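# Secondary and tertiary structure notes
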Amino acid sequence: MAGHDCDMSTFVVQKSINYFLENGNEIVFRCFLDLSKVYDTVNHDLLFMKLMERHTPTFIVKFLRNWSKKQDLYVKWNSSKSVSFKASNGVRQGSVLSPALFNVYVDDLITGSEQSGVGVRINGRFSGGIAYADDLSLLSTSREGMQRLLQICESFATDHCLKFNIQKSKSISFRKRRFIYCKETAFSINGESLPEVHDVIHLGHKLSTVPKETTGAVEERCRKLYSSLYSIVGAVKGVGRNPTVWTTILYYVLLPVLGYGCELWDLGMGSTKRLLHQAWRRGYRRGLGISNRTSLRVTLGEPIREAPDLLCVSQLSFLWRAVHSSNELVSGFILNTQGNLWRSVDNETRTRIMVLSYMNFKSWIKP
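Residues numbered from 1 in each chain as written. Predicted model: local features only at pLDDT ≥ 70, side-chain atom pairs only at ≥ 80, totals over all residues. Heavy atoms only, no water.

Taken as a whole and assessed by the stated rule, the structure comprises two cavities of 30 Å³ or more. Put simply, the largest cavity is a space of about 90 Å³. Going through the elements one at a time, α3 (44-53), α4 (58-69) and α5 (98-115) are the ones with two or more residues in the lining of the largest cavity. For the lining of the largest cavity, the residue count by class is six nonpolar, five polar and one charged. Of the pockets and cavities examined, the second largest cavity occupies roughly 60 Å³. Taken together, Leu35, Val106, Leu109, Ile110, Ala131, Ala133, Asp134, Asp135 and Leu136 make up the lining of the second largest cavity. Counting only elements with at least two residues in the lining of the second largest cavity, the list comes to α5 and β9 (135-140). If one sorts the elements of the lining of the second largest cavity by residue count, α5 sits on top with three residues. Taken together, the residues of the lining of the second largest cavity break down into seven nonpolar, no polar and two charged. (1 Å grid on protein atoms, 1.4 Å probe; cavity = no way out; pocket = protein on both sides within 12 Å on 5 of 7 lines; lining within 4 Å. Points joined across faces, edges and corners; volume = space filled by probe spheres on them. Helix = DSSP H or I, 4+ residues; strand = E, 2+ residues; numbered from the N terminus. Nonpolar A, V, L, I, M, F, W, Y, C, P; charged D, E, K, R; others polar.)

Spelled out as structure tokens, the structure:
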């Protein structure tokens, strides 16, 4: 769906977990499944049948069918080529149309899970399964419900020539507090047990067993910043000692590295702010070649703009997109987490507040 990127998908995953932990559940179970070579295993006949069931115009289905059936493929090894052969399955890698066709192909998995009555709902909307490309996330508040969802996925994969990658699939138990005991879940699919982990990477974002503790994700981004920082310092050498040059490098090169996924962080949390302050000031001092005891304000002649304040811009932009999302599950999370003050104003006032805030932040962060 347009405007819904990896951050938005992980945002829904994280907020749905928090929703149930804050509403009477001590433990929430989540399985992250990975489909193996999904684009290469799409069955053409099933795909075109699904398009017809969605009342896609016949001439479009015929065009896609001819386009797919008349592909001649061959294997090339150095200067040698194999005999050509026809492709009976799969959608083209890199084609802008392929993600849309794949969404049609696997959409019945989500709708089937919803219609089965298994899984969980938030404000009447099914949230037991969230898919982004070949990554599928299942949510349940009980072990039995989760195993039933896995059985539905297993049956769907068998009927649609798909296979789950057990090595890349994970199960994790999210808890309200870290000390809550949870015995091993032992979920399985296709007769194989899913590895149980204490933290998982979902679309580039780290999620831990206690979802509100985002310190681990922040520490990971700080390590990425240090790695990029040392590489850049070694490359620019004396040029980077110029305060103007280094400030520009920090804002336009290193800040995006540090802030990837910041839309999901609590920037008001003390530990998060402390880590970001430390990493940001270290980046300044390392680039300028000054010691940790040297005042940046004295060196630059003005106070620096701290990383947490700068990353508020990304959070604000993300909030703007989420509030105006066409997906009610996404926009509903925003409205529910902003409190009564946000819900008490009308849409026109909300829009005006967001635009003014965004413009002020954009003008403020320019180096």
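Moving on, we come to the pattern of salt bridges. Applying the stated criterion across every chain yields a total of four salt bridges. The closest approach of N and O atoms between Asp108 and Lys50, which form a salt bridge, is 2.6 Å. Within this pair, whereas Asp108 is found in helix α5, its partner Lys50 is found in helix α3, the two being separated by 58 residues in sequence. Residue Asp107 is joined to Arg54 by a salt bridge in which the shortest nitrogen-to-oxygen separation is 2.7 Å. In this pair, Asp107 sits in helix α5 while Arg54 sits in the loop between α3 and α4, placing the two residues 53 residues apart along the sequence. Judged by relative accessible area, Asp107 falls into the partly exposed class, the value being 29%. (Salt bridge = Lys/Arg side-chain N within 4 Å of Asp/Glu carboxyl O. Buried < 20%, exposed > 50% of the residue type's maximum accessible area, 1.4 Å probe, protein only.)

Model confidence for the chain is summarised by a mean pLDDT of 78, while 84% of its residues fall at 70 or above. Contacts from residues 358-367, a stretch scored under 50 in pLDDT, to residues over four places away or in other chains number 19 contacts. (pLDDT = per-residue confidence, 0-100. Contact = heavy atoms within 4.5 Å.)

Before going further, it helps to examine the packing of aromatic side chains. Evaluation of the coordinates by the stated rule reveals six aromatic pairs. On the numbers, 5.5 Å between centres and 55° between planes, the contact of Tyr39 with Phe102 is tilted. Residue Tyr39 is located in helix α2 (residues 38-41), and its partner Phe102 is located in helix α5; the two are separated by 63 residues in the primary sequence. Here Tyr39 and Phe102 have matching classes, each one buried. Judged by centre distance (6.0 Å) and plane angle (80°), the ring pair of Tyr251 and Trp280 falls under edge-to-face. Of the two residues, Tyr251 is situated in helix α8 (residues 243-258) and Trp280 in helix α9 (residues 270-288); the sequence distance between them amounts to 29 residues. Like Tyr251, the residue Trp280 is buried in the burial classification. Three or more aromatic residues joined by ring pairs form one cluster here, namely Tyr251, Trp280 and Tyr284. (Phe/Tyr/Trp six-rings, centres within 6.5 Å; stacked < 30°, edge-to-face > 60°.)

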